[in-house]
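Spelled out from the first residue to the last, the chains are:
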Amino acid sequence: MEPARNFLSVYDFTESEIYELILRSVVLKEERLKSNPCLEGKKIGLIFEKSSTRTRVSFEVGIMEMGGHPIFMSSKDLQLGRGEPIKDTARVLGGYIDGAVIRTFEQERIETFAQHFGKPVINGLTDLYHPAQILTDIFTVYETKGKSKYESKYIIRDIVGNLKVVYFGDANNMANSWVSLQAALGFELVLAMPEGFDIDEKVKENAVKRGGRFTVSRDKISAAKNADVITTDVFISMGQNEEKEKIDKLKPFIIDGDVVKNAAEDVMLLHCLPVHRNEEVTEEVFERFSEIVFREAENRLHVQKAIMEQIFT
Ligand code: CP
């Protein structure tokens, strides 16, 4: 039997496959109401060890719209939450369901699950990466900046390859995901973050090995110069303690009007949500770009359907 195909990080798709996913997402968004029963008869587990609004609901709706049956399992209700080893949970669930979306802590935890489950697994966020979100983000950029929705993948490559993306704030799973996407697609990436908040060495090594390149800036205004995309995430990620000291150090990297003024005229803001207004982005800037940000949230559904077509069928 062939090993299951997983989507645990962006690196599980080639550059060309990512562009194909973007094109397929355009069609799935346009044809949302057209019948597409490609998951008919499939039972897909959603195993969540952390809270979620967007990821849980967009995957559940996507599975239902493709004729499959989602089964949501919070670790609070599973024996997993009482210490059952994840490899045992994986072996058991492998006998019941046809695929899984998992939100968990360490990347090693989802890798262990996938190894013992024997069926396809999609990463719904780990401490290291949020790959379904980052593919949605680049789809949203293409949708916003592309001249026509139905370009060839070579034109998408031109649009994406010429972008300057600037990420402001904490070196968390979203920053890591931008680093991995840059390594896969090759645009200009600047990380504006304070001293002592640098990218995980393993994430960096992995990206550099694949030809990835990014720069780090300690000055948010020069980082923002001519940016096509500005983006950020909450300063305190799920599972971390509210540390005032950490917030104080990150505060100067807030996306504000000065950042926007220095960026390209048609700059767009991305935020994976939930947002902490006036912490990582000012209320005024967030509201100015809110149409894009909430479209980005809706796009989770369309892009994840394209991902599930590749992974679960
Ligand atoms: N962006 C995101 O993953 O949102 P949720 O935590 O609500 O799933």
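See the structure shown above.
In this text the structure is predicted, and so the values were computed from the model without any measurement.

Remarks on the overall build of the chain
Thinking step 1. Along the chain, the regular secondary structure elements total 13 helices and nine strands.
Thinking step 2. Over its C-alpha trace the chain gives a radius of gyration of 19 Å, about what one expects of a compact globule, namely 20 Å for 313 residues.
Thinking step 3. Scored against the burial criterion, the 313 residues of the chain give a buried share of 57%.
Thinking step 4. Here the analysis covers contacts within the chain between residues at least 6 apart in sequence; of these, 77% occur between residues at least 24 apart.
Thinking step 5. Accessible area of the chain: about 13,800 Å², with a carbon and sulfur share of 49%.
Thinking step 6. One way to put it: in the chain the 41 positive side-chain charges average out to a point 2 Å from where the 50 negative ones average out.

Quick notes on the site of the ligand
Thinking step 1. Taken together, Ser-52, Thr-53, Arg-54, Thr-55, Arg-103, His-130, Gln-133, Cys-272, Leu-273 and Arg-300 make up the full set of residues adjacent to the ligand.
Thinking step 2. Within the side chain of Thr-55, an N or O atom sits 2.7 Å from an oxygen atom of the ligand.
Thinking step 3. Contact distances for the ligand include 2.8 Å between a nitrogen atom and a backbone N or O atom of Cys-272.
Thinking step 4. In terms of residue class, the shell around the ligand is made up of two nonpolar, five polar and three charged.

What to know about the sheet that holds strand β4 (residues 121-123)
Thinking step 1. Pairing within the open sheet is parallel, and its four strands lie in the order β2-β1-β3-β4. Two strands lie at the open edges of the sheet, namely β2 (69-74) and β4, each paired on one side alone. In this sheet, neighbouring strand axes are inclined to one another by 20 degrees on average, regardless of whether the strands run parallel or antiparallel.
Thinking step 2. Along the sheet, helix α4 (residues 107-117) makes contact with β1 (43-48), β3 (99-103) and β4, crossing β4 at roughly 170 degrees.

A closer look at the side chain of Asn-36
Thinking step 1. Along the polypeptide, Asn-36 turns up in the loop between α1 (15-30) and β1.
Thinking step 2. For Asn-36, a relative accessible area of 17% gives the class buried.
Thinking step 3. If near-sequence neighbours (up to four positions away) are discounted, Asn-36 is found in contact with Arg-24, Leu-28, Glu-65, Met-66 and Glu-309.

Things to note about the side chain of Lys-164
Thinking step 1. Along the chain, Lys-164 falls in strand β5 (residues 164-168).
Thinking step 2. A polar side-chain atom of Lys-164 sits 3.1 Å from the main-chain carbonyl oxygen of Ala-223.
Thinking step 3. Ignoring sequence-local partners within four residues, the contact set of Lys-164 consists of Glu-188, Val-190, Ser-222, Ala-223, Ala-224, Lys-225, Asn-226, Ala-227, Asp-228 and Val-229.

Brief notes about the pattern of salt bridges
Thinking step 1. All chains considered together, the criterion is met by 25 salt bridges.
Thinking step 2. Lys-202 is the salt-bridge partner of Glu-108, the closest N and O atoms lying 3.0 Å from each other. In this pair, Glu-108 is assigned in helix α4 and Lys-202 in helix α8 (residues 201-209), connecting sequence segments 94 residues apart.
Thinking step 3. Of the residues examined, Glu-108 reaches a relative accessible area of 39% and is grouped as partly exposed.

Concerning the nonpolar core
Thinking step 1. The biggest cluster of nonpolar side chains holds 87 residues, and the ones touching the most others in it are Leu-135, Trp-178 and Ile-307.
Thinking step 2. Once residues within four sequence positions are removed from consideration, Trp-178 is found in contact with Ile-134, Asp-137, Val-165, Tyr-167, Phe-187, Leu-189, Thr-231 and Leu-270.
Thinking step 3. Counting residues in each nonpolar core, the second largest holds 16 residues, with Ile-47, Leu-80, Ala-90 and Ile-102 among its members.

How each quantity is defined
- Residues numbered from 1 in each chain as written.
- Predicted model: local features only at pLDDT ≥ 70, side-chain atom pairs only at ≥ 80, totals over all residues.
- Heavy atoms only, no water.
- Helix = DSSP H or I, 4+ residues; strand = E, 2+ residues; numbered from the N terminus.
- Rg over C-alpha atoms; globule rule 2.2 N^0.38 Å.
- Buried < 20%, exposed > 50% of the residue type's maximum accessible area, 1.4 Å probe, protein only.
- Contact = heavy atoms within 4.5 Å.
- Areas by Shrake-Rupley, 256 points an atom, 1.4 Å probe, with all protein chains shown as cover.
- Lys, Arg positive; Asp, Glu negative; His and termini not counted.
- Charge placed at Lys NZ, Arg CZ, Asp CG, Glu CD.
- Near = heavy atom within 4 Å.
- Polar contact = N/O pair within 3.5 Å; in protein donor to acceptor, adjacent residues only side chain to side chain.
- Nonpolar A, V, L, I, M, F, W, Y, C, P; charged D, E, K, R; others polar.
- Pairing = 2+ DSSP bridges.
- Axes fitted to C-alpha atoms, helices over the stretch in contact; angles between N-to-C directions.
- Salt bridge = Lys/Arg side-chain N within 4 Å of Asp/Glu carboxyl O.
- Core = buried A, V, L, I, M, F, W, Y, C linked by side-chain atoms within 4.5 Å.

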